Amino acid sequence: MSNNLPAIPTLVWETIRAPRPTAERILALDLPRRTLWEALIAAVLLTVVLVVGLVLAVPADPTDPASVAMQEMYAQPLPVALGQIINAVVTVYAITFVGQWLGGRGTLNGALALVAWHQFFLLFMALAGIVVGVVFPFVLSMLIILMIALYFYVLTQFVCALHGFENGMVVFLGIIVAFLTLLILVAVLTGFISALIFGVTP
């Protein structure tokens, strides 16, 4: 198996078409841990910049409490970025050690590499979705549903590739349970640290 990766557009397509072999190619690179952490943080921060920019670019509807709350939350990008970084780091360690506990053979470096690319992959897909949504706004709701499905499908296949698991459905159910658990944990940690450092609670 070649250790050379194709160009980014090709890699994005390969991730959609065959996520497990793509994950195996990424793992074969065996990149240094520091490089992987830097890639993960860069992907998270770029995603936060994109999301914050999009949310703040659209005026909030004063009659919609959810819209107003969203604007207020994303008007504080540092706590948002902190929450996303905590989420990414916890995800890496959860994928590594929960997978190992269940008999998987994956390593921390492997989880780092796959979570970092998964984050970049979602960023590129979001950018493509924005372009399509601007041109064809009537498909925006369908694109959002597709993005959510793609998020879990690719992540499931990545975890299977990392740990050598064969039953994707069991892995998917495990991810859902872990996702809900981590959502609560990250929310609590982000709120505590944000209040301690920034004096705000997102």
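If you're wondering where the values come from, they're calculated on a predicted model, not measured in any experiment.

Cut-off values and rules
Numbers given to residues run from 1 along each chain, matching the order in which its sequence is written. At least 70 in pLDDT is required for a residue's local features to be given in this predicted model, at least 80 for side-chain atom pairs to be given and counted, and no such filter applies to totals for whole chains, interfaces and linings, which use all residues. To obtain the side-chain values, all non-hydrogen atoms of the structure were used and water was disregarded. We count a stretch as a helix when DSSP gives it H or I for four or more residues in a row; a strand needs E for two or more, and each element gets its number in order from the N terminus. Accessible area is worked out with a 1.4 Å probe on protein chains only. A residue is then buried under 20% of its type maximum, exposed over 50%, and partly exposed in between. Two residues form a contact once any of their heavy atoms are found within 4.5 Å. Throughout, the Shrake-Rupley method with a 1.4 Å probe supplies accessible areas, and for residues the shown protein chains are the sole cover considered. Where helices are involved, their axes are fitted lines through C-alpha atoms of the stretch in contact, as for all axes, and angles between N-to-C directions lie from 0 to 180°. Working rule for angles: under 35 degrees goes down as roughly parallel, over 145 as roughly antiparallel, 65 to 115 as roughly perpendicular, anything else as oblique. Less than a right angle of anticlockwise turn of the near helix away from the far helix marks a crossing as left-handed, whereas a clockwise turn marks it as right-handed. When residues are grouped by polarity, Ala, Val, Leu, Ile, Met, Phe, Trp, Tyr, Cys and Pro land in nonpolar, Asp, Glu, Lys and Arg in charged, and all others, Gly among them, in polar. Our arc is simply the arc of the directions from the helix axis toward the C-beta atoms. Put simply, a salt bridge is a Lys or Arg side-chain nitrogen that is within 4 Å of an Asp or Glu carboxyl oxygen.

Here the focus is the overall build of the chain. Looking only at helices and strands, the chain has eight helices and zero strands in total. Counting from the amino terminus, the chain carries its helices and strands in the arrangement α-α-α-α-α-α-α-α. Looking at the 202 residues of the chain, the share that counts as buried comes to 38%. Within the chain, counting contacts between residues at least 6 apart in sequence, those at least 24 apart form 68% of the total. Counting every atom, the chain has about 11500 Å² of accessible surface; 74% of that belongs to carbon and sulfur.

The next thing to look at is the packing of helix α2 (residues 19-29) against helix α6 (residues 108-135). Across the interface, α2 lies against α6 with an axial gap of 9 Å and an inter-helix angle of 125 degrees. When the axis of α2 is compared with that of α6, the two are oblique. The two elements α2 and α6 meet at a crossing, and its hand is right-handed. Across from Ala-23, Ile-26 and Leu-27 in α2, the residues of α6 making contact are Gly-110, Ala-113, Leu-114 and Trp-117. Split into classes, the residues belonging to the contact of α2 with α6 amount to six nonpolar, one polar and no charged.

Our next topic: the environment of His-118. Mapping His-118 onto the fold places it in helix α6. Considering only alpha carbons, one finds His-118 and Leu-155, 37 residues apart in sequence, at a separation of 7.2 Å. Other than its neighbours up to four places away in sequence, His-118 contacts Tyr-151, Val-154, Leu-155 and Phe-158.

It is worth spelling out α2 at this point. Since the α-helix turns once every 3.6 residues, residues separated by three or four places project in the same direction. Taken together, the buried positions of α2 are Pro-19, Arg-20, Thr-22, Ala-23 and Ile-26. All buried residues of α2 lie within an arc of 160 degrees about the axis, which places them on one face of the element. Lining the buried residues of α2 we find α1 (8-17), α6 and α7 (140-163). Positioned one or two residues after α2, Asp-30 has a phi angle of 50 degrees, which is positive.

We now examine the pattern of salt bridges. Throughout the structure, instances matching the rule amount to three salt bridges. For Arg-17, the salt bridge goes to Glu-14, with nearest N and O atoms at 2.7 Å. Note that Arg-17 and Glu-14 are positioned in helix α1 at a spacing of three residues, about one turn of the helix. Note on Arg-17: relative accessible area 51%, which makes it exposed. According to the relative accessible area criterion, Glu-14 is buried, its value standing at 19%. Between Glu-38 and Arg-34 there is a salt bridge; the shortest N-O distance is 3.1 Å.

Honestly, it's all geometry; don't read function into it.
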